[in-house]
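Breakdown of the fold
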Amino acid sequence: MNIRAVVLREIELSMKSPFVTHQGSLETRPLIIVEAHDAGGNIGYGEVTAFPAPFYTYETLTTAWYVLEQLLIPLLSTSSVHHPRDFAQLSEAVKGHPMAKAGLEGSLWDLYAKQRGVSLQSLIGGERTSVKAGAVLSLEDNLEGKLSVLKEEGYQRYKLKVEKGHERQMIETVQSLDPDLPIMIDANGQYEEKDIEGLYELDRYQMLMIEQPFAAGDFYLHQWLQKQMETPICLDESIMCFHDAVQAVQLDSCRVVNVKISRVGGLTAALNIHDYCQDHGVPVWCGGMVESGISKAHNLALASLPNFTIPGDLSSSERYFKRDLLTSGIKLEYGEIQVPQGPGIGVEVDDDYLHAITKKRYVANL
Ligand SMILES: [Mg+2]
């Protein structure tokens, strides 16, 4: 792939309002942007979407920076990489750290597509020209006010971040405002075995799904709950690699999978999970990490694949940030977002702004 340099940038985007879950609050969104430069002047962009603290998964921005600088980027100078999938294979030598891997692999996918003058979507076999968008409501949101704004913007699925013990109240508030709204809840693994009876009762709300009720590693409790519940269980934090998806589907621990490129270790793993779930009749949707337009563009290419039949956490650039990294933002129209068709991820990064907000930089010349 003729990669000459990899650049890491630590940046921070200002949030319009804090994003609050039971695990913590984001007032600003720090991220790592990864650039892969080739000899011809092309730049591929990737993004590490870990959080500052390990409240979602074990990775943090600090661990990702270390793993990228010390372990993953050096793989590119010691081995030949002809395709992003080669890097995915090479990086198996480093155990875990999927978000660090996904950030670098993402920059390689964008670069590879740009070198060939094709869109990332066409490179990976995406079909849809636009994808349906779904909104996420944080605990801080004023439900009534926020919902009417989001409905006007046309979002087609509504995910409520819930706090254990207050989930019914939140669901009932939303259903009293609009009984037909397609809703789901995301528990981020707050429940335990003793809560299982209470969870069965959530069937009566006829939600699209319940996301990640139990802790990440627990395929057993999810299987037990799914046996008793009609509402599909969706797994998020449990699926950290391709084999986790195989286990979840084979054990019937879930009937829907949330695919996040970053959490599963990169686009190669995400594509493999998509194909496996499609072959086994399990629909998938594309999750989000409160991330910049660079990740959003990667996500749109992925979500255009045929088994992404459920609206994902895909939103406009204006949804969370005061200013995004793109020269022209990702826009929602009538509840759908166009999949960028230009070379690579198909969006133009505002390099001046990216450079201006870079707080820390590392350059590896290969
Ligand atoms: Mg989730």
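These numbers were taken from a predicted model, which means no experiment stands behind them. (Residues numbered from 1 in each chain as written. Predicted model: local features only at pLDDT ≥ 70, side-chain atom pairs only at ≥ 80, totals over all residues. Heavy atoms only, no water.)

**Remarks on the packing of aromatic side chains**
Scanning the entire structure with this criterion turns up 5 aromatic pairs. When the ring of Tyr220 is compared with that of Trp224, the centres are 6.0 Å apart and the planes differ by 40°; the resulting orientation is tilted. Here Trp224 and Tyr220 lie together in helix H8 (residues 219–228), a separation of 4 residues that amounts to about one turn. Assessed through its relative accessible area of 28%, Trp224 is described here as partly exposed. For the ring pair Phe242 and Tyr276, a centre distance of 5.8 Å and an interplane angle of 90° mean the geometry is edge-to-face. One end of the pair, Phe242, is in helix H9 (residues 242–250); the other, Tyr276, is in helix H10 (residues 267–279), and 34 residues separate them in sequence. Look at Phe242 and you get partly exposed, because its relative accessible area is 32%. The exposure class of Tyr276 is buried, given its relative accessible area of 13%. Here the aromatic cluster, defined as three or more aromatic residues joined through ring pairs, consists of Phe51, Phe55 and Tyr56. Cation over ring: Arg157 sits above Trp285, and NZ or CZ is 5.0 Å from the ring centre. Its guanidinium or amino end placed over the ring of Trp65, Lys360 lies 4.3 Å from that ring's centre, counting from NZ or CZ. (Phe/Tyr/Trp six-rings, centres within 6.5 Å; stacked < 30°, edge-to-face > 60°. Helix = DSSP H or I, 4+ residues; strand = E, 2+ residues; numbered from the N terminus. Buried < 20%, exposed > 50% of the residue type's maximum accessible area, 1.4 Å probe, protein only. Lys NZ or Arg CZ within 6 Å of the ring centre and 35° of its normal.)

**Details of the domain arrangement of the protein**
Domains assigned within the protein are domain 1 (5–118 + 348–365) and domain 2 (122–338). Relative to domain 2, the C-alpha centre of domain 1 lies at a distance of 23 Å. Contact with domain 1, which involves 44 residues of that partner, is made by 45 residues of domain 2. Across the domain 1 to domain 2 interface the summed buried area is about 3,700 Å²; carbon plus sulfur atoms make up 66%. Counting across the interface, domain 1 meets domain 2 through 1 salt bridge. Here Arg323 and Asp350 are joined by a salt bridge, their closest N and O atoms 3.0 Å apart. At the boundary of domain 1 with domain 2, the tally comes to 17 residue pairs in polar contact (both at pLDDT 80 or more). Broken down by secondary-structure element, the contributors of at least two residues to the side of domain 1 that touches domain 2 are strand E1 (3–21), strand E2 (24–38), strand E3 (43–48), helix H2 (84–90), helix H3 (98–116) and helix H12 (351–356). (Domains from an automatic or database assignment. Contact = heavy atoms within 4.5 Å. Buried area = accessible area lost by both parts, 1.4 Å probe. Salt bridge = Lys/Arg side-chain N within 4 Å of Asp/Glu carboxyl O. Polar contact = N/O pair within 3.5 Å; in protein donor to acceptor, adjacent residues only side chain to side chain.)

**Details of unusual backbone geometry**
Residues other than glycine seldom take positive phi values, yet His97 does so here, at roughly 55°. Counting through the fold element by element, His97 comes out in the loop between H2 and H3. In this structure, Val290 is a non-glycine residue whose phi angle is positive, near 55°. Structurally, Val290 can be placed in the loop between strand E11 (284–286) and helix H11 (293–303). Judged by its relative accessible area of 10%, Val290 falls in the buried class.

**Brief notes about the sheet that holds E2**
Strands belonging to one sheet form pairs held by backbone hydrogen bonds; the direction of such a pair is parallel or antiparallel. Pairing is antiparallel in the open sheet, where 4 strands are placed in the order E3-E2-E1-E14. What marks the edges here is a single partner per strand, and that holds for E3 and strand E14 (360–365). Across the sheet, the mean angle from the axis of one strand to that of its neighbour is 25°, orientation sign disregarded. With respect to the sheet, H11 is in contact with E2 and E3, its orientation differing from that of E3 by roughly 100°. (Pairing = 2+ DSSP bridges. Axes fitted to C-alpha atoms, helices over the stretch in contact; angles between N-to-C directions.)

**Focus: the pairing of strand E6 (residues 158–161)**
Side-chain alternation along E6 places Tyr158 and Leu160 on one buried face and Lys159 and Lys161 on a second face that is also buried. When strand E5 (residues 135–137) meets E6, the two strands line up parallel, connected through 3 bridges. Across the sheet, Ala135 pairs through a bridge with Tyr158, a residue of E6. Note that the unit made of E5, helix H5 (residues 143–153) and E6 has a crossover that is right-handed. Here E6 runs beside strand E7 (residues 183–186); their pairing, made up of 4 bridges, is parallel. Counted as the bridge partner of Lys159 is Met184 from E7. Note on the crossover from E6 through helix H6 (residues 167–177) to E7: the handedness is right-handed. (Right-handed = clockwise from strand over helix to strand, strands pointing away.)

**Overview of the coordination of the magnesium ion**
Geometry reference: four tetrahedral donors at a metal, ideal angle 109.5 degrees. Six octahedral donors, ideal angles 90 or 180 degrees. In this structure, Asp186 (OD), Glu211 (OE) and Asp236 (OD) serve as the protein donors to the magnesium ion, at separations of 2.1 to 2.3 Å. Along the chain, the residues donating to the magnesium ion are arranged with the sequence spacing D-x24-E-x24-D. Note that Asp186 is positioned in strand E7 and Asp236 in the loop between strand E9 (233–235) and H9, a separation of 50 residues in sequence. Like Asp236, Asp186 is buried. (Donors = N, O, S within 2.8 Å, 3.2 Å for Na, K, Ca; no water.)

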